[in-house]
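Architecture and fold: a report
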Amino acid sequence: MAFTLRGGWVALGLSILAAALMAARIAKPVANLSRYATSLAQGQKVEPEKYHITEIENVKTSLNAAMTKSARLTTLVASSGDAVIGVDLNGNIEAWNKGAETLFGYSADDIIGKPKSILVPQDLRAEFDAQRPKILAGEIVRAE
């Protein structure tokens, strides 16, 4: 009986040790996921993990693809000769490219954070205000 009891305690101890080792092996890649996302956003390379966890690798791949797509879009908007203006849901300007600077005469530093309505002539303000509910409803609105 004592031998069986001792064997049980040894098995339990080994099980706890194995669980702790596996937890440590999983915890590091999970903790590094935030670092990976930050490094990607800053355009830095990330060293591969020692231990691979499929789900985390899938998240890394998705983050990398999203960052690549975002970088391409950012470059396209920045290099466009057309005015491209990003506006938040409150109607405030949050993005402003060189084309917008040329067309409207405001630098990005001067205009970002201000309401888009300041760009609209007074005689077109009613039409502009009528577009907001459509935009918030997900409709595509085109205007000159």
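A short tour of the structure in this document, coming up. This structure is a prediction, so every number in the text was calculated from the model and none was measured. (Residues numbered from 1 in each chain as written. Predicted model: local features only at pLDDT ≥ 70, side-chain atom pairs only at ≥ 80, totals over all residues. Heavy atoms only, no water.)

**A look at the overall build of the chain**
- Scanning the chain for helices and strands turns up five helices and two strands.
- Start at the N end of the chain and walk to the C end: the helices and strands fall as α-α-β-β-α-α-α.
- When each of the 144 residues of the chain is scored for burial, the buried share is 15%.
- Contacts spanning at least 24 positions in sequence make up 24% of the contacts within the chain whose residues lie at least 6 apart.
- Element-wise, carbon and sulfur atoms account for 61% of the exposed surface of the chain, whose accessible area totals about 11,100 Å². (Helix = DSSP H or I, 4+ residues; strand = E, 2+ residues; numbered from the N terminus. Buried < 20%, exposed > 50% of the residue type's maximum accessible area, 1.4 Å probe, protein only. Contact = heavy atoms within 4.5 Å. Areas by Shrake-Rupley, 256 points an atom, 1.4 Å probe, with all protein chains shown as cover.)

**Details of the environment of Tyr36**
- By secondary structure assignment, the location of Tyr36 is in helix α1 (residues 2-41).
- What makes Tyr36 buried here is its relative accessible area of 11%.
- Between the alpha carbons of Tyr36 and Lys60 there is a distance of 7.6 Å; along the sequence they are 24 residues apart.

**So, the nonpolar core**
- Ile93, Trp96, Ala100, Ile111 and Leu119 together form the largest nonpolar core, which totals five residues.
- In this view, Leu119 contacts Ile85, Ile93, Trp96, Phe104, Tyr106 and Ile111; residues no more than four positions away in its chain are not counted. (Core = buried A, V, L, I, M, F, W, Y, C linked by side-chain atoms within 4.5 Å.)

**Quick notes on the packing of aromatic side chains**
- As enumerated under the stated definition, the model contains one aromatic pair in all.
- Their ring planes at 40 degrees and their centres at 5.6 Å tell us that Trp96 and Phe104 sit as a pair that is tilted.
- Residue class for Trp96 comes out buried when judged on its relative accessible area of 9%. (Phe/Tyr/Trp six-rings, centres within 6.5 Å; stacked < 30°, edge-to-face > 60°.)

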